[in-house]
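Structure assessment
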Amino acid sequence: MDQPTLFGPETTSSTPSPESSMSLGLSQPARQTIRSSLIVAATGLGKTVKMALLANHWAVGRVMMLSHRFELNQQALKTFENVCGEPVDLEQASYHADRYEKSRIVVASVQTLNSRRKGRLRMEKFDPDDFGLVMVDEAHRATAATYRRVFDHFSCNPDCKFVGVTATPDRLDGAGLGFVFESVACDYNIAWGIKHGWLVEPAQKFVRIDGLDLTQVRTVGGDLDEKQLARVVELEQNLHAMAAPIVDLAGTTKQAIVFTASVAQARRLAELIRDYSGHDSAICIDGSMSPQDPTRMAMIEDFRAGRYQFFVNCGVATEGFNCPDVD
């Protein structure tokens, strides 16, 4: 699309920047009556910054941001504190908000809020009447029961508003986000971001691997079957055929993130990348390491600091991973 799709009785013909999108699409009366809205923005268009800016200008009650991953919450904490210039509290696992004093902004794990402590849900420690805004990162997950319970809790306050942000509003299971969000405030896709200079147009390079045959891998729900795909990509000759061009294309300076279809593929591919590059150039992280594992956290920070050239992962650097220096 040439311009963002704006929903509501008032629209604008000008081309807004992503930062200004909060004020568009709905008249003041509509904004007063609609309690929940979705912000759709492609990867790289600053969804966390949008939430931080909204929190910074929110004048009524406290603000809570929800996500489902430790890294997402850690990134949000830093961004919110930088943008808002105030301390932000964390409610996740062993971290407890409001322990000493009430911060205006709380970043929380949806799993933690749904956990029980001394017979009551941890979300119940927060008085809904204190909060004027609840925001959800990766909001395509918001149809899950865990999120709905959080929404139900804070909805007890009729003045509390809800905002979700996502790059992928279409769910594979067909569950509609319309059951959670009443409106879509804006929709910025990749093409729009490239056209208006917010995203760099991708330059694709293709490598043909003669021994990699996917014709016998069936599709499930429109995607390749994970188990069958893993058996093919984990073959040693195919792994060598991947590692060599990855190292060649990245050269000695370009930082790269490598996504794999299985844990076994990730671990072996990282070993081969080190072999082909001739030095300890790659880290490998998969879901077997806890997000709060100090080793995992240190590896990610080392990659962000440029001490490693390749970040090979299976299901880790997918949603919300932020590293602008990656080439």
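Everything in this summary refers to the structure shown in the same document. Owing to the predicted nature of the structure, the values given are computational and were not obtained by experimental measurement. (Residues numbered from 1 in each chain as written. Predicted model: local features only at pLDDT ≥ 70, side-chain atom pairs only at ≥ 80, totals over all residues. Heavy atoms only, no water.)

Here we come to the packing of helix H3 (residues 70-84) against helix H10 (residues 294-304). Pairs of packed helices are described in terms of their axes, by the angle between the two and the distance that separates them. With their axes 12 Å apart at the nearest point, H3 and H10 run at an angle of 55 degrees to one another. Taken together, the axis directions place H3 and H10 in an arrangement best described as oblique. Crossing hand, H3 versus H10: right-handed. Contacts between H3 and H10 involve Phe70, Glu71, Gln75 and Lys78 from the first element and Arg296, Met297, Ile300, Glu301 and Arg304 from the second. (Axes fitted to C-alpha atoms, helices over the stretch in contact; angles between N-to-C directions. Helix = DSSP H or I, 4+ residues; strand = E, 2+ residues; numbered from the N terminus. Parallel < 35°, antiparallel > 145°, perpendicular 65-115°, else oblique. Left-handed = near helix turned anticlockwise from the far one by under 90°. Contact = heavy atoms within 4.5 Å.)

Within the largest apolar cluster, 27 residues are counted, with the highest numbers of intra-cluster contacts made by Ala55, Met65, Phe80, Ile105, Val107 and Met135. When near neighbours in sequence (up to four residues on either side) are disregarded, Phe80 contacts Thr48, Met51, Ala52, Ala55, Met65, Gly85, Val88, Ile105 and Met135. Residues Leu113, Val134, Phe151 and Leu177 belong to the second largest nonpolar core, which totals 26 residues. (Core = buried A, V, L, I, M, F, W, Y, C linked by side-chain atoms within 4.5 Å. Buried < 20%, exposed > 50% of the residue type's maximum accessible area, 1.4 Å probe, protein only.)

Those residues of helix H7 (residues 226-233) not exposed but buried are Gln228, Leu229, Ala230, Val232 and Val233. In this fold, the buried residues of H7 make contact with strand S11 (223-224), helix H8 (236-250) and helix H9 (263-277).

Another aspect to go through is the sheet that holds strand S3 (residues 88-91). Here 7 strands make up an open sheet; going across it, the order is S3-S4-S2-S7-S8-S1-S9 and the pairing parallel. Pairing within the sheet leaves two strands with one partner each, and these edge strands are S3 and strand S9 (183-188). Taken over all neighbouring pairs, the strand axes of this sheet differ in orientation by 20 degrees on average, direction set aside. In this sheet, S9 lies alongside strand S1 (residues 36-41) in parallel orientation, the contact comprising 5 bridges. (Pairing = 2+ DSSP bridges.)

Quick look at the packing of aromatic side chains now. Evaluation of the coordinates by the stated rule reveals 6 aromatic pairs. Among the aromatic residues, ring-to-ring pairing joins Phe126, Phe131 and Phe154 into one connected group. (Phe/Tyr/Trp six-rings, centres within 6.5 Å; stacked < 30°, edge-to-face > 60°.)

Moving on: the environment of Ser94. For Ser94, the location among the structural elements is in the loop between S3 and strand S4 (105-109). Once the C-alpha coordinates of Ser94 and Thr112 are considered, the two residues, 18 residues apart in sequence, prove to be 9.3 Å apart.

The next point concerns the state of the cysteines. Two cysteines, two sulfur atoms, one covalent bond between them: this is a disulfide. In the structure shown here, the tally under the stated rule is 0 disulfides. Unpaired in this structure, Cys284 has its nearest cysteine sulfur neighbour in Cys314, at a distance of 8.5 Å. We classify Cys284 as buried; its relative accessible area is 15%. (Disulfide = S-S within 2.5 Å.)

Our focus in this paragraph is the pairing of strand S13 (residues 282-286). Within S13, 5 of the 5 residues are buried, which leaves the element mostly enclosed by the surrounding structure. Taking every second residue as pointing to the same face, both faces of S13 are buried, with Ala282, Cys284 and Asp286 on one and Ile283 and Ile285 on the other. Pairing of S13 with strand S14 (residues 310-314), which is carried by 5 bridges, proceeds in the parallel orientation. Pairing of Cys284 across the sheet is with Val312, part of S14. In this region the chain leaves S13, passes through H10 and returns to the parallel neighbour S14; the handedness of that crossover is right-handed. (Right-handed = clockwise from strand over helix to strand, strands pointing away.)

Turning next to the side chain of His96. Among the secondary structure elements, His96 is positioned in the loop between S3 and S4. Reaching out from His96, the side chain makes a polar contact with the side chain of Arg122 at a distance of 3.3 Å. If we skip the residues at most four places from it in the chain, His96 touches Asp89, Leu90, Glu91, Arg117, Arg122 and Lys125. (Polar contact = N/O pair within 3.5 Å; in protein donor to acceptor, adjacent residues only side chain to side chain.)

Across the interface, H8 lies against H9 with an axial gap of 9 Å and an inter-helix angle of 50 degrees. One element, H8, and the other, H9, form an angle in the oblique class. Considering the relative orientation of H8 and H9, their crossing is right-handed. Where H8 approaches H9, its residues Glu236, Leu239, His240, Met242, Ala243, Ala244, Ile246 and Val247 are matched on the opposing element by Gln265, Arg268, Leu269, Leu272, Ile273, Tyr276 and Ser277. Its residues placed into classes, the contact of H8 with H9 shows 10 nonpolar, 3 polar and 2 charged. (Nonpolar A, V, L, I, M, F, W, Y, C, P; charged D, E, K, R; others polar.)

Given a rise of 1.5 Å per residue, 15 residues ought to cover 21 Å, and the 21 Å separating the end C-alpha atoms of H3 matches this to within 8%. Where H3 is concerned, the buried positions are Phe70, Glu71, Leu72, Asn73, Gln75, Ala76, Leu77, Phe80 and Cys84. Those residues of H3 that are buried are in contact with helix H2 (47-57), strand S2 (62-67), S3, S4, strand S7 (131-136) and H10. Where H3 ends, the next residue or the one after it, Gly85, has phi of about 65 degrees, a positive value. (Expected span 1.5 Å × (residues − 1).)

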